[in-house]
Amino acid sequence: MQWAGRAVPYHELNALADALAARLQAAGVRAGDFVGLLMHKSVELYTGMLAVLKAGAAYVPLDLSYPADRITFILNDCGARALLVNDAPPDYLAAWPGPVLNLAEAPAGAPAPAAPLGPVAGGPESIAYVIYTSGTTGLPKGVLIPHRSICHLVRAEQLLFQTTPQDRVAQGFSVAFDASLEELWLAWAAGAALVPVPEETMKTPDALPDFLSTNQVTVFSTVPTLLSLLASAIPSLRLLILGGEVCPPELLAKWASRQCRVVNTYGPTEATVVATAADFVPGQKLTIGRPLAGYEALLLDQLGQLVPLGAAGELCIGGPALAAGYLNRPELTAAKFNTVAELATGFSGRLYRTGDLARFEADGNVDFLGRIDTQVKIRGFRVELAEIESLLLQWPGIRNAAVALKTGDDGVQKLIAYLILDPAHPPLDAKAVRAYLRERLAPYMIPAALVPLVTFPLLTSGKVDRKALPYPVVGDAAPTRELALPRTPTEAAVYAAWQKRFDTADLSTTDDFFEIGGNSLLASLIISELRQQPQFAGLSVKEMYTRRTIEALAQAVDAAAAAAPAPAAEGPAGPPVPRASHTMRVFTAVLQAAAVFLFYLVPVLILNTSIAVRPWLTAQADWALVALVAAAVLAYVPVACGLVIVFKWLIIGRFKAGEYPLWGLYYVRFWVVKKLVEAAPTQLLSATPYLNVFYRLLGARIGHGVYLGSTRLMTFDLLTLDDGASIAREAGLLGYRIERDRLVLGPIRVGRDAYVGLRAILENDTELGDEAELDDLSVVAAASACRPREGWQGSPLAARAHAGRRR
């Protein structure tokens, strides 16, 4: 498993899980108990999941974004024996009677537990985990998944997806969403590397492709909504799995290739993640495919009889992967899980009624047609509209409520709540209603708009015609309050972006983004749109979570612009850098080809030499042979690095700041030195004082106590790292860029006790002041300076995030 820059071997994870399982047993956890998990992604989270299973109990995953009422209801509904956290538990849990175990406080890599892991009662029918989904009564319902069901899914998906130990599987979903089980066990069952994606990266679609590419992810499971926000493909990807909501085939065209297989899947939580799947083939109709191995897919009418081929019917799932039912809901279990006698297909046994409408194509694939009832999926989450409606009807002054999933002109799906109000009550306080809903519903269930209507459109059956409910249009209703309107050009630009996404004229610059219906998807869309304008180029999605009003966001952008160093006064223009002639370009290409030949010639000569001297080596005494091999091993790193140092000074001497024609002689010398440095075994020296010595000998000015975790350094003579500076893994301090047929070199200075974060970049002609910080995945653009003790963050261009250094 790969987490936070560290490879965690599975034997270590297993040992940690064994120790924690024994600790849980000592705390009174027994077979049949439920244990809650309220943790952010971490080694502790996965240790906790496995430990609960090893202790014989079932885990109940909770999302950190859930409101307090929802979390306490779930813990009480399942009668959780304990709750595992990896941070300080929220205040509202102080009244919860069960024990709260903070795994972050446990010693990392603890030795074997004092008490051995006790025997566990149970078997295939015992419950492994409980996933809570939206319920029609206004309360979530727990789906009980036994070990036999998840084991069957694991075996079926191994046949379907053929993961191998060489794969690297992304883990992006919240563990409270059952699709996370697919990610986890695709990796664990095959011995592949699990690569958890940090929560902040999942909220930032702009950063996600880079994360997946950098971590060489080969298997990625996601929902179509998130996929539509990814701007670039992932070169390392060989398997892309879609599910959770209806997938438009146009979205998949740019992803499918000979190297990347794209699979569209379908499956309710009650059937354990995935029940059917179909490969995407360009030019062919995209369906939800055929059942996985061991699964059954049947289409039944209202009488429970098979429908004719091509006719629509309710999709029912059968097989050994079905859930055991709903926790504490025997009537609902009896209604949704039916046992049927032998049908014409030969199937008999338990079936789960999905409530989805579908039909069989002539080739046997299942074509999904939509929902029969009021359940919808948004951003991969299943939502019972009746749950939201039930809560709205409890608000004074709301006589009737209907919630529908609507798609705007921008293609984004939103939940819209339509209300019939009681005229005898005071006007509706939309802000108070939203606050009331946020305390009881998951964030993805909060309606984006509250629309008052006089009456609802009805079907002939008397039910609400949700398709006929109007999509809210800007200006449909006059604002019911005094609005704070934009006062500056920056506020006006942000206001326009918000207004476009919220589709309302009732918008104030002091409105809280999340209180008026904002969510992570809208935040990503708004930031992506704003960043098309130069003044917002350094803005990140994180800003929407810390500066939640138009006013605060605009002030932060203006402050960052004011703090940016003024451009240097232009002196007299120097002579323009001439472009390399066609002859010089050809000559450069010839020199580069010769250099490539020499690079490959060296290992060939070494190989041939070793073959030639092999008879002589075998004739030597064993001790002499061992001594010779040991000497070669010990000499390899210093000799290789020493040759790179010698050739650097012979070929280019000192790097000098300036502009040089691309494909010219200086460029060729630069390119040769760059290839030599990249070929040096510097990764072996990373995070050791020897790397500092190596770069000093190449010309860099490196002070005392400097930590170098990165080898992405170049233009050494232009690089200054003052005392105590810290350079994190894969940070880039290259000191050059290529633009407009020019190679541009410039100095970089990292001040005393300054910090450059993971994969952060300092371009040429930049400075990080004393005790300043450049956050992970951030960029300081060329000709910029971060003042002492400031913290900068953002990509593609960092902006000032705070004035004083964080301690």
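Residues numbered from 1 in each chain as written. Predicted model: local features only at pLDDT ≥ 70, side-chain atom pairs only at ≥ 80, totals over all residues. Heavy atoms only, no water.

**Q** I'd like a description of the overall build of the protein, backed by residues and values.
**A** When helices and strands are tallied, the protein shows 20 helices and 44 strands. The long-range share in the protein, meaning contacts at least 24 apart out of those at least 6 apart in sequence, stands at 56%. Counting only carbon and sulfur atoms, one obtains 60% of the accessible surface of the protein, whose full area is about 36800 Å². (Helix = DSSP H or I, 4+ residues; strand = E, 2+ residues; numbered from the N terminus. Contact = heavy atoms within 4.5 Å. Areas by Shrake-Rupley, 256 points an atom, 1.4 Å probe, with all protein chains shown as cover.)

**Q** Any chance you could break down the pattern of salt bridges for me, citing the residues and the numbers?
**A** Applying the stated criterion across every chain yields a total of 36 salt bridges. The partner of Arg359 in a salt bridge is Asp367, with the nearest N and O atoms 3.4 Å apart. Residue Arg359 is classed as partly exposed on the basis of its relative accessible area of 31%. Relative accessible area serves as the criterion here: at 7%, Asp367 is assigned to the buried category. Residue Glu529 pairs with Lys500 through a salt bridge whose shortest N-O separation is 3.3 Å. Of this pair, Glu529 sits in helix α14 (residues 520-530) while Lys500 sits in helix α13 (residues 489-502), placing them 29 residues apart in sequence. Here the salt bridges do not stand alone but share partners, grouping Asp722, Arg749, Arg752, Asp753, Glu767, Asp770, Glu771 and Arg789 into one network. (Salt bridge = Lys/Arg side-chain N within 4 Å of Asp/Glu carboxyl O. Buried < 20%, exposed > 50% of the residue type's maximum accessible area, 1.4 Å probe, protein only.)

**Q** Can you tell me about the packing of α13 against helix α16 (residues 550-563), naming the residues and giving the values?
**A** In the contact formed by α13 and α16, the axes pass within 9 Å of each other and the chain directions differ by 135°. Classed by the angle they form, the pair α13 and α16 counts as oblique. Our pair here, α13 against α16, has a crossing hand that is right-handed. Note on element contacts: α16 touches α13 through Ile550, Glu551, Leu553, Ala554, Val557 and Asp558, opposite Thr490, Glu491, Val494, Tyr495 and Trp498. Of the residues belonging to the contact of α13 with α16, the class tally is seven nonpolar, one polar and three charged. (Axes fitted to C-alpha atoms, helices over the stretch in contact; angles between N-to-C directions. Parallel < 35°, antiparallel > 145°, perpendicular 65-115°, else oblique. Left-handed = near helix turned anticlockwise from the far one by under 90°. Nonpolar A, V, L, I, M, F, W, Y, C, P; charged D, E, K, R; others polar.)

**Q** Outline the side chain of Asp356, listing residues and values.
**A** Residue placement: Asp356 occurs in strand β20 (residues 349-360). When neighbours within four sequence positions are excluded, Asp356 is seen to be in contact with Tyr266, Gly313, Glu314, Leu315, Phe368, Gly370, Arg371 and Ile372.

**Q** If you had to explain the pairing of strand β11 (residues 219-222) to someone new, which residues and values would you point to?
**A** One face of the sheet, then the other: side chains in a regular strand alternate in exactly this way. Side chains Val219 and Ser221 of β11 all project onto a buried face; the interleaved residues Phe220 and Thr222 project onto the opposite face, where all are buried too. Here β11 runs beside strand β12 (residues 239-242); their pairing, made up of four bridges, is parallel. Paired with Val219 across the strands is Leu239, a residue of β12. (Pairing = 2+ DSSP bridges.)

**Q** Which residues make up the confidence of the model for the protein, and what values do they have?
**A** In this model, the protein carries an average pLDDT of 84, and 88% of its residues clear a pLDDT of 70 or more. Per-residue pLDDT stays below 50 along residues 568-573; that stretch engages in zero contacts with residues further than four places along the chain or on separate chains. Confidence over residues 795-803 falls short of pLDDT 50; this stretch has 35 contacts with residues more than four positions distant or in other chains. (pLDDT = per-residue confidence, 0-100.)

**Q** Run through the sheet that holds strand β27 (residues 658-661), naming residues and quoting values.
**A** Backbone hydrogen bonds hold the strands of a sheet together, and the pairing may be parallel or antiparallel. Taken together, the three strands give an open sheet; going across it, the order is β27-β35-β34, and neighbouring strands pair in antiparallel fashion. Each of the sheet's edge strands pairs with one partner strand only, and the pair in question is β27 and β34 (736-739). Ignoring strand direction, the axes of neighbouring strands in this sheet form an average angle of 25°. Taken together, the four bridges between β34 and strand β35 (residues 742-745) define a ladder with antiparallel strand orientation. In the strand pairing of β35, Glu739 is matched with Arg742. Here helix α19 (residues 665-679) sits on the sheet in contact with β27, β34 and β35, set at roughly 60° to β35.

**Q** Help me get a handle on the sheet that holds strand β26 (residues 449-452), residues and values and all.
**A** Judged by pairing direction, the sheet is mixed, and its three strands sit side by side in the order β24-β25-β26 without closing on themselves. Each of the sheet's edge strands pairs with one partner strand only, and the pair in question is β24 (398-407) and β26. Ignoring which end each strand starts from, the neighbouring axes of this sheet average 25° apart.

**Q** Got a sec to walk through the packing of helix α2 (residues 43-54) against helix α5 (residues 179-190)? Specific residues and values, please.
**A** At a minimum axis separation of 13 Å, α2 and α5 run at an interaxial angle of 75°. One finds that α2 runs roughly perpendicular with respect to α5. Contact with α2, carried on its side by Tyr46, Met49 and Leu50, involves Leu184, Trp185 and Trp188 of α5 and no other residues of that element.

**Q** With reference to specific residues and values, describe the side chain of Lys406.
**A** Checked against the element boundaries, Lys406 lands in strand β24. A polar side-chain atom of Lys406 sits 3.3 Å from the main-chain carbonyl oxygen of Lys467. (Polar contact = N/O pair within 3.5 Å; in protein donor to acceptor, adjacent residues only side chain to side chain.)

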